[in-house]
Amino acid sequence: MSREIRLQKILQLLSHQQGLTVGEIRRLLEVSPMTLYRDLRELEDRNLVRRVRGGVLSENPILISAQGSCALCGKELPVRTRITLLDSRGGKTHACCSHCGFGLMKHHEGYESILGVDFLSDTVLDFEKGHFLVRPQIKICCEPAVLVFARIEDAMRMQKGFGGEIMSFETVQNLLC
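Conventions we followed
- Residues numbered from 1 in each chain as written.
- Predicted model: local features only at pLDDT ≥ 70, side-chain atom pairs only at ≥ 80, totals over all residues.
- Heavy atoms only, no water.
- Helix = DSSP H or I, 4+ residues; strand = E, 2+ residues; numbered from the N terminus.
- Polar contact = N/O pair within 3.5 Å; in protein donor to acceptor, adjacent residues only side chain to side chain.
- Contact = heavy atoms within 4.5 Å.
- Buried < 20%, exposed > 50% of the residue type's maximum accessible area, 1.4 Å probe, protein only.
- Pairing = 2+ DSSP bridges.
- Disulfide = S-S within 2.5 Å.
- Core = buried A, V, L, I, M, F, W, Y, C linked by side-chain atoms within 4.5 Å.
- Expected span 1.5 Å × (residues − 1).
- 1 Å grid on protein atoms, 1.4 Å probe; cavity = no way out; pocket = protein on both sides within 12 Å on 5 of 7 lines; lining within 4 Å.
- Points joined across faces, edges and corners; volume = space filled by probe spheres on them.

Peer 1: Break down the side chain of Ser-98 for me, with residues and values.
Peer 2: Within the secondary structure, Ser-98 sits in helix 4 (residues 98-107). A polar contact is formed between the side chain of Ser-98 and the backbone oxygen of Val-146, at a distance of 3.4 Å. Not counting residues within four places of it along the chain, the set of residues in contact with Ser-98 comprises Thr-81, Ile-83, Phe-127, Phe-132, Val-146 and Val-148.

Peer 1: Pulling in residues and values, what's your account of the pairing of strand 6 (residues 83-87)?
Peer 2: The buried fraction of strand 6 amounts to 5 of the 5 residues, a majority that puts the element mostly inside the structure. Going residue by residue along strand 6, you find Ile-83, Leu-85 and Asp-87 tucked away on one face and Thr-84 and Leu-86 tucked away on the opposite face as well. Taken together, the 4 bridges between strand 6 and strand 7 (residues 92-95) define a ladder with antiparallel strand orientation. Bridge pairing in strand 7 places Leu-86 opposite Lys-92. By the bridge criterion, 4 bridges tie strand 6 to strand 8 (residues 111-117) in an arrangement that is antiparallel.

Peer 1: Tell me what's going on with the state of the cysteines, and back it up with residues and numbers.
Peer 2: For the coordinates displayed, the defined rule picks out 0 disulfides. The cysteine Cys-141 is free of any disulfide, with Cys-96 supplying the nearest cysteine sulfur at 3.4 Å. Classification of Cys-141 by relative accessible area gives buried; the value is 9%.

Peer 1: Would you mind going over helix 4 in detail, with residue names and values included?
Peer 2: Counted residue by residue, helix 4 has 8 buried out of 10 residues, so it is predominantly covered. Turning to helix 4, its buried residues number three or more, namely Ser-98, His-99, Cys-100, Gly-101, Phe-102, Gly-103, Leu-104 and Met-105. The elements touched by buried residues of helix 4 are strand 6, strand 7, strand 8, strand 10 (131-134), strand 11 (146-149) and helix 6 (169-176).

Peer 1: Before we move on, can you summarise the nonpolar core with the specific residues and values?
Peer 2: Residues Cys-96, Phe-127, Phe-132 and Leu-147 are the most contacted members of the largest nonpolar core, which totals 33 residues. At the level of elements, strand 6, helix 4, strand 10, strand 11, helix 5 (152-162) and helix 6 are the ones that each hand at least two residues to this core. Ignoring sequence-local partners within four residues, the contact set of Leu-147 consists of Phe-119, His-131, Phe-132, Leu-133, Pro-136, Ile-138, Ile-140 and Met-158. Membership of the second largest hydrophobic core comes to 13 residues, among which are Ile-10, Leu-29, Leu-36 and Val-56.

Peer 1: Could you give me a rundown of helix 1 (residues 3-14), with the residues and numbers involved?
Peer 2: The terminal C-alpha atoms of helix 1 lie 17 Å apart, and with 12 residues this matches the ideal 16 Å at 1.5 Å per residue to within 8%. The inward-facing, buried residues of helix 1 abut strand 1 (19-21), helix 2 (22-29), helix 3 (33-45), strand 2 (49-52) and strand 3 (55-58).

Peer 1: Any details on empty space enclosed by the protein? Residues and values, ideally.
Peer 2: Applying the stated criterion to the full structure yields 2 cavities of 30 Å³ or more. Its boundaries defined by the atoms lining it, the largest cavity holds a volume of some 50 Å³. Forming the boundary of the largest cavity are Thr-81, Cys-97, Ser-98, His-99, Ile-140, Cys-141, Cys-142, Ala-145, Val-146 and Leu-147. Looking at the lining of the largest cavity, the elements that each hand over two or more residues are helix 4 and strand 11.

Peer 1: Lay out the environment of Arg-89 in plain terms, naming residues and giving numbers.
Peer 2: With respect to the helices and strands, the residue Arg-89 is situated in the loop between strand 6 and strand 7. Separated by 26 residues in sequence, Arg-89 and Leu-115 place their C-alpha atoms 16 Å apart.

Peer 1: Explain the pairing of strand 2 to me, using residue names and the numbers behind them.
Peer 2: In the sheet, strand 2 pairs with strand 3 via 4 bridges, with the strands oriented antiparallel. By the bridge assignment for strand 3, Val-49 is matched with Ser-58.

Quick look at the structure:
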């Protein structure tokens, strides 16, 4: 497989996930560690990825949904971090990230439920039951960064790599609202 094809495949994989481990990429592309090192260095030199210990993160914007923009800050709605507030009449209010989701809750009375997206698994979850990683050393959307996870173990794993503080829904709500 040519180098350009490998580079395109890596970028294609990252279009579906924010980050990948070196092991995942090696298994999928069936390349040597040195070949992968050179490929990732090339992509980093082109400002398309950021190499981190044991893996790589996309430097491209997170995939954008077709649902419009954040009701608080106006940014487009990333698939991996979007929040949806549902009211009793079936209305939906969208936020680009957990930070803006909490901001909307402060101004949006009468919501019936809040849906978030687990940052790692990309699955929908009950926002109020989530585990939140606040101020990790990763630029996602708005500041301070707040990532939501369905499982505390996932939040703890992310904290090991990117720092930050794990908080409950109520604690983050008190902090941001």
